[in-house]
Amino acid sequence: MPYTNPWPAPIDRVYAAIGDDQRFCDALAELRPGVGANTVLMVTVSLTRDGLCRHIAAVGVPPESMVEYESHFQAHDVWVRAAQSRGMIVTGTVASSDDLLDRQDLEQSYIWRAFLSRYRTTEALSSVLETPEEDGIFTFMTFHRHEEQARFGAAEKARVAEWLPHLRNAMKLHRRLAPQIAIGKTLDTLFAEARSPMVVLDGRGRVSRHNPAWGEWAERQRDQVRQDAHGLLLRRDGAGFEKVADAVHALLQPTDTPQALQLPVSAGWRLTLRRIEHGQLTGALPSAERAIGIVEPVDHQRPEVLRQRFGLTTAQARVAAGLLGGQTPGEVAAGLGVSLPTVRSHIAALYEKTHTRRLPVLVARLLSRES
């Protein structure tokens with residue numbers, strides 16, 4: 001009698017990857033077509049001697065978005081709050097956005113306006129693989145769809161529910177066979193890999209740490225941004241420099257409304273500061289770290305504005321924003337999770353719509369305020 005594999009093909013690849021962290025993460029990525037998702041992320045939180053440790057496997061999700069979410073937006077996630085209030089943070093739960101929250105309520109929320117819309121995340125399908133009651137480990141997986149896609153339906157929920165027992169078993173086996181391997185990357189690793197300049201400040205406005213992208217950017221902008229002898233972050237204000245400490249102090253004041261402070265730091269760039277907050281499920285970051293900042297292009301260079309200014313598609317606008325961020329076409333492709341030929345085709349369309357022919361001229365055109 002011929003052997004019949006009892007597992008669905010994508011799950012078979014997950015089992016085959018046990019013990020190899022990169023292959024395991026790649027196999028998770030291959031689950032996306034099964035539910036028609038653009039992105040997938042799996043977050044595992046475990047308690048170690050050094051505190052809570054997060055391991056994140058994400059495909060199609062910029063590293064900086066995960067850092068922002070874990071340090072700030074998680075505490076304001078209306079989907080998570082709804083799941084908690086309904087007692088749905090239990091092993092085996094599968095829920096779509098519509099199961100948790102009315103779309104209108106979502107679009108009125110802070111996390112929608114400040115975070116989800118920036119990354120075009122309009123729909124989520126989440127599942128709980130492990131809860132702390134079992135092994136002191138919490139693991140969830142979420143698939144995302146974007147604005148041009150339909151809502152997740154019963155078929156996708158049923159498929160994820162079918163996958164869950166296998167994924168849970170594979171996770172446990174992976175940890176037993178390769179305990180030195182972390183499934184995915186730590187939050188510190190994602191912080192270091194983020195292409196956007198990011199900085200973490202303490203309550204006095206001193207730089208606690210920053211990622212390599214910040215170091216490179218700050219070196220180029222040293223006439224506009226610097227640290228003093230005590231590590232305090234300074235930005236140019238007229239003929240001199242002012243401390244960012246006052247902005248951090250204002251950010252840390254008690255308020256019922258989450259806020260961000262946007263500080264011009266050089267021509268074409270701003271530093272957006274947000275308060276580091278306790279997460280709903282994953283505890284707190286080090287208490288000395290009070291604010292996290294990300295350097296962003298000014299409004300006329302944001303993808304949604306570029307789309308309107310030049311009549312771009314959503315995909316073309318995202319490529320344009322990546323080029324403005326200093327990325328090469330290859331880096332843009334990697335960051336968006338698409339092929340290099342796809343990015344090159346979008347760049348060709350950008351040339352046509354901006355009436356340019358070379359990349360430096362295209363970037364200069366996008367940087368200008370003229371349409």
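Let us look at the structure shown here.

Rules of the game
Residues numbered from 1 in each chain as written. Predicted model: local features only at pLDDT ≥ 70, side-chain atom pairs only at ≥ 80, totals over all residues. Heavy atoms only, no water. Helix = DSSP H or I, 4+ residues; strand = E, 2+ residues; numbered from the N terminus. Buried < 20%, exposed > 50% of the residue type's maximum accessible area, 1.4 Å probe, protein only. Contact = heavy atoms within 4.5 Å. Pairing = 2+ DSSP bridges. Polar contact = N/O pair within 3.5 Å; in protein donor to acceptor, adjacent residues only side chain to side chain. Expected span 1.5 Å × (residues − 1). Axes fitted to C-alpha atoms, helices over the stretch in contact; angles between N-to-C directions. Phe/Tyr/Trp six-rings, centres within 6.5 Å; stacked < 30°, edge-to-face > 60°. Core = buried A, V, L, I, M, F, W, Y, C linked by side-chain atoms within 4.5 Å. Parallel < 35°, antiparallel > 145°, perpendicular 65-115°, else oblique. Nonpolar A, V, L, I, M, F, W, Y, C, P; charged D, E, K, R; others polar. Salt bridge = Lys/Arg side-chain N within 4 Å of Asp/Glu carboxyl O.

### Focus: the overall build of the protein chain
And step 1. Along its length, the protein chain carries 18 helices and 14 strands.
And step 2. A burial count over the protein chain gives 50% of its 371 residues as buried.
And step 3. When contacts within the protein chain are restricted to residue pairs at least 6 apart in sequence, those whose partners lie at least 24 apart make up 61%.

### Examining the pairing of strand E10 (residues 233-237)
And step 1. For strand E9 (residues 225-227) and E10, the ladder comprises three bridges, and the chain directions are antiparallel. Residue Gln227 lies in a different strand from E10, and its bridge partner there is Leu233.
And step 2. Linkage of E9 to E10, two consecutive antiparallel strands, is achieved through a turn of five residues, within which Gly231 is found at a positive phi near 85°.
And step 3. Sheet analysis places E10 next to strand E11 (residues 240-243), joined by four bridges and oriented antiparallel. Looking across to E11, one finds that Arg236 is bridged to Phe241.

### Side note on the side chain of Thr44
And step 1. Relative to the helices and strands, Thr44 resides in strand E1 (residues 39-48).
And step 2. At 3.1 Å, the side chain of Thr44 and the side chain of Thr139 are in polar contact.
And step 3. In contact with Thr44, not counting residues within four places along its chain, are Cys53, Arg54, His55, Ile137, Phe138, Thr139, Met171 and Arg175.

### Brief notes about helix H10 (residues 154-177)
And step 1. End to end, H10 covers 35 Å across 24 residues, agreeing with the expected 34 Å (1.5 Å per residue, within 8%).
And step 2. Three or more residues of H10 are buried, namely Glu156, Val160, Trp163, Leu164, His166, Leu167, Arg168, Ala170, Met171, Lys172 and His174.

### Observations regarding the sheet that holds strand E14 (residues 289-297)
And step 1. Spatial ordering of the open sheet is given by E8-E7-E14-E13-E12, a layout of five strands whose pairing is antiparallel. Only two strands of the sheet have a single neighbouring strand rather than two, namely strand E8 (207-210) and strand E12 (260-266). On average, adjacent strands in this sheet sit at an angle of 25° to one another, irrespective of strand direction.
And step 2. Here three bridges tie strand E7 (residues 198-202) to E8, and the two strands are oriented antiparallel to one another. The residue bridging Leu201 from the neighbouring strand is Val207, located in E8.
And step 3. Sheet strands in contact with helix H12 (residues 212-220) are E7, E8, E12, strand E13 (269-275) and E14, and its direction is about 105° off that of E8.

### As for the packing of aromatic side chains
And step 1. Under the definition given, this model contains six aromatic pairs.
And step 2. Consider the rings of Tyr69 and Phe115, whose centres lie 6.0 Å apart with planes at 35°: the pair is tilted. Within this pair, whereas Tyr69 is found in helix H4 (residues 63-71), its partner Phe115 is found in helix H8 (residues 110-116), the two being separated by 46 residues in sequence.
And step 3. Take Tyr69: its relative accessible area is 12%, and that puts it in the buried class.
And step 4. Residue classification places Phe115 among the buried residues on the basis of a relative accessible area of 8%.
And step 5. Ring pairing ties together the aromatic residues Tyr69, Phe73, Tyr110 and Phe115, which thus form one cluster.

### Some words on the nonpolar core
Among soluble globular proteins, nonpolar side chains are generally buried collectively.
And step 1. Judged by nonpolar contacts, the single largest core of 28 residues is most densely connected at Phe24, Met141, Phe143 and Leu167.
And step 2. The set of elements that each furnish at least two residues to this core consists of helix H1 (9-16), helix H2 (21-29), E1, strand E4 (121-130), strand E5 (137-146) and H10.
And step 3. In terms of residues, this core owes the most to one element, H10, which gives six residues.
And step 4. Core analysis: the second largest hydrophobic core is formed by 21 residues, Val207, Trp214, Leu263 and Val265 among them.

### Let's talk about the packing of helix H15 (residues 314-324) against helix H17 (residues 340-354)
And step 1. Look at H15 against H17: their axes get within 9 Å of each other, and the N-to-C directions meet at 90°. Taken together, the axes of H15 and H17 are roughly perpendicular relative to one another. Two secondary-structure elements touch here, H15 through Ala315, Gln316, Val319, Ala320 and Leu323 and H17 through Val343, His346, Ile347, Ala349, Leu350 and Lys353.
And step 2. Its residues placed into classes, the contact of H15 with H17 shows eight nonpolar, two polar and one charged.

### Concerning the sheet that holds E10
And step 1. The three strands lie next to each other as E9-E10-E11, forming an open sheet whose pairing is antiparallel. The strands lining the two open edges of the sheet, one partner per strand, are E9 and E11. Each strand axis lies, on average, 40° off the axis of its neighbour in the sheet, ignoring direction.

### Considering the environment of Glu64
And step 1. Counting through the fold element by element, Glu64 comes out in helix H4.
And step 2. Considering only alpha carbons, one finds Glu64 and Phe191, 127 residues apart in sequence, at a separation of 6.5 Å.
And step 3. Those residues within four positions of Glu64 in sequence are excluded, and the remaining contacts are Tyr119, Ala194, Arg195, Ser196, Met198 and Ile294.

### Description of the pattern of salt bridges
And step 1. Taken as a whole and judged by the stated rule, the model has 17 salt bridges.
And step 2. In this structure, Lys172 engages Glu130 in a salt bridge whose closest nitrogen and oxygen atoms are separated by 3.8 Å. Taken together, the residues Lys172 in helix H10 and Glu130 in strand E4 connect sequence positions 42 residues apart.
And step 3. The partner of Arg206 in a salt bridge is Asp202, and the shortest N-O contact between them spans 2.8 Å.
And step 4. Since its relative accessible area comes to 11%, Asp202 is described here as buried.
And step 5. Each of Asp98, Glu123 and Arg151 takes part in a single network of salt bridges with overlapping partners.

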